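Next come the chains, spelled out residue by residue.
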Amino acid sequence: GDSVTQMEGPVTLSEEAFLTINCTYTATGYPSLFWYVQYPGEGLQLLLKATKADDKGSNKGFEATYRKETTSFHLEKGSVQVSDSAVYFCALSDPGTGGFKTIFGAGTRLFVKA
Amino acid sequence: NAGVTQTPKFQVLKTGQSMTLQCAQDMNHNSMYWYRQDPGMGLRLIYYSASEGTTDKGEVPNGYNVSRLNKREFSLRLESAAPSQTSVYFCASSLQDTDTQYFGPGTRLTVL
């Protein structure tokens, strides 16, 4: 079945450092890929998404490119801020599967130090 | 625009008590979901409703029931609460079941 694997955290960075959070997936169909962010005490919210191969999603300085050849959707940001401290979830939605179609990764917690 | 609302925000129950968590969305979405999130763990899907009138089990349905009351509302019921059900519960909705999900603020439930 479909699955999402993302790097374990926590990830601790200093302000203005470069961020990469790895995400790889397996899917039977042609999924859409998502990154969600969860700030402390809140629900998840969409950060960015890509619906087909080679698409790049971007928002708030974060980027991720849908790589079909490596089945990856790594999240990157060039210069993190303290306010980026949160838990980041990679997810896929696969219309080709039966049952529930959205799979979430386990989440990666990011701490950014001033 | 309220989005997804959940009530209550916090709840403490004793073992064996029952309660219903309420969820409503005002975005005219077809699909709705209930998740639980435990410390250090990701989201686990309890039940979902792909469209009005249908409900299906997710990954961890035991001990829960759901009702899709109408297109807007999707409730989660704990018939006999157990300490293992202590968790944060999130409701979410999406236009279709492969689209972006919009989450409520969560209900923090403690079962003593």
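Further up the page is the structure itself.
Here's a quick rundown of the structure. (Residues numbered from 1 in each chain as written. Chains lettered and ligands numbered in written order. Predicted model: local features only at pLDDT ≥ 70, side-chain atom pairs only at ≥ 80, totals over all residues. Heavy atoms only, no water.)

### Looking at the overall build of chain B
- When its secondary structure is counted, chain B shows zero helices and eleven strands.
- Put simply, chain B runs from its N terminus to its C terminus through helices and strands in the order β-β-β-β-β-β-β-β-β-β-β.
- Against the compact-globule benchmark of 13 Å for 112 residues, chain B has a radius of gyration of 13 Å, which places it among compact chains.
- Counting only C-alpha atoms, chain B reaches 35 × 25 × 25 Å along its principal axes.
- Across the 112 residues in chain B, those meeting the buried criterion constitute 47%.
- Partitioning the contacts of chain B with sequence separation of at least 6, the portion at a separation of at least 24 is 56%.
- Here chain B has roughly 5,100 Å² of accessible surface; of this, 50% comes from carbon and sulfur atoms. (Helix = DSSP H or I, 4+ residues; strand = E, 2+ residues; numbered from the N terminus. Rg over C-alpha atoms; globule rule 2.2 N^0.38 Å. Buried < 20%, exposed > 50% of the residue type's maximum accessible area, 1.4 Å probe, protein only. Contact = heavy atoms within 4.5 Å. Areas by Shrake-Rupley, 256 points an atom, 1.4 Å probe, with all protein chains shown as cover.)

### With respect to the interface of chain A and chain B
- Chain A puts 19 residues into the contact, and the matching count from chain B is 20 residues.
- Summing both partners gives a buried area of about 1,400 Å² for chain A against chain B, and 58% of it is carried by carbon and sulfur.
- The interface formed by chain A and chain B holds zero salt bridges in total.
- At the level of secondary structure, the elements contributing two or more residues to the side of chain A that touches chain B comprise β5 (32–38), β6 (45–50), β10 (86–93) and β11 (102–104) of chain A.
- Per-element tally for the side of chain A that touches chain B: the top contributor is β5(A), with three residues.
- Its residues placed into classes, the side of chain A that touches chain B shows nine nonpolar, six polar and four charged. (Buried area = accessible area lost by both parts, 1.4 Å probe. Salt bridge = Lys/Arg side-chain N within 4 Å of Asp/Glu carboxyl O. Nonpolar A, V, L, I, M, F, W, Y, C, P; charged D, E, K, R; others polar.)

### Observations regarding the pairing of strand β5 (residues 43–49) of chain B
Residues and elements named next belong to chain B.
- Counting buried residues in β5 gives six out of seven residues, a clear majority hidden from the surface.
- The pairing of strand β4 (residues 31–37) with β5 spans six bridges and is classified as antiparallel. Among the inter-strand pairings, Q37 is bridged to a residue of β5, identified as L43.
- What sits between β4 and β5 in their antiparallel hairpin is a turn of five residues, with G40 showing a positive phi close to 75°.
- The hairpin turn running from β5 into strand β6 (residues 56–57), its antiparallel successor, is six residues long, and G53 in that turn takes a positive phi close to 95°. (Pairing = 2+ DSSP bridges.)

### Side note on unusual backbone geometry
- Cis geometry marks the peptide bond from A:G9 to A:P10, where omega comes out at 0°.
- Backbone torsion omega between B:T7 and B:P8 reads -5°, so that peptide bond is classified as cis.
- With respect to the helices and strands, B:P8 occurs in the loop between β1 (4–7) and β2 (10–13).
- Of note, the phi angle at A:K60 is positive, near 55°, even though the residue is not glycine.
- By the secondary structure assignment, A:K60 is in the loop between β7 (56–59) and β8 (62–65).
- Residue B:N28 is not a glycine yet carries a positive backbone phi of 60°.
- Summarising the element assignment, B:N28 is placed in the loop between β3 (19–25) and β4.

### A look at the nonpolar core
Residues and elements named next belong to chain A.
- With 26 residues, the main nonpolar core has L19, W35, L47, L48, F73, L75 and Y88 as its most contacted residues.
- Looking at this core, the elements that each hand over two or more residues are β2 (11–14), β3 (19–21), β4 (23–26), β5, β6, β8, β10 and β12 (108–113).
- The element contributing the most residues to this core is β10, with four residues.
- Apart from the residues within four sequence positions on either side, Y88 is in contact with Q6, I21, W35, Y36, V37, L47, F62, L75, G107, T108 and L110. (Core = buried A, V, L, I, M, F, W, Y, C linked by side-chain atoms within 4.5 Å.)

### Some points on the packing of aromatic side chains
- Taken as a whole, this structure holds ten aromatic pairs over all chains when the rule is applied.
- A centroid spacing of 6.2 Å and a plane angle of 25° characterise the contact between B:Y33 and B:Y35, whose relative ring orientation is stacked. As far as the burial class goes, B:Y33 and B:Y35 line up, both buried.
- Here a set of aromatic residues connected by ring pairs shows up, and it is made of A:F34, A:Y36, A:F104, B:Y33, B:Y35 and B:F103. (Phe/Tyr/Trp six-rings, centres within 6.5 Å; stacked < 30°, edge-to-face > 60°.)

### Quick look at the sheet that holds strand β9 (residues 75–77) of chain A
All names here are of chain A.
- Pairing in this open sheet of four strands is antiparallel, and the strands run β3-β9-β8-β7 from one edge to the other. The sheet is open, and its two edges are formed by β3 and β7, each paired on a single side. Strand-to-strand, the axes of this sheet are offset by a mean angle of 15°, without reference to chain direction. (Axes fitted to C-alpha atoms, helices over the stretch in contact; angles between N-to-C directions.)

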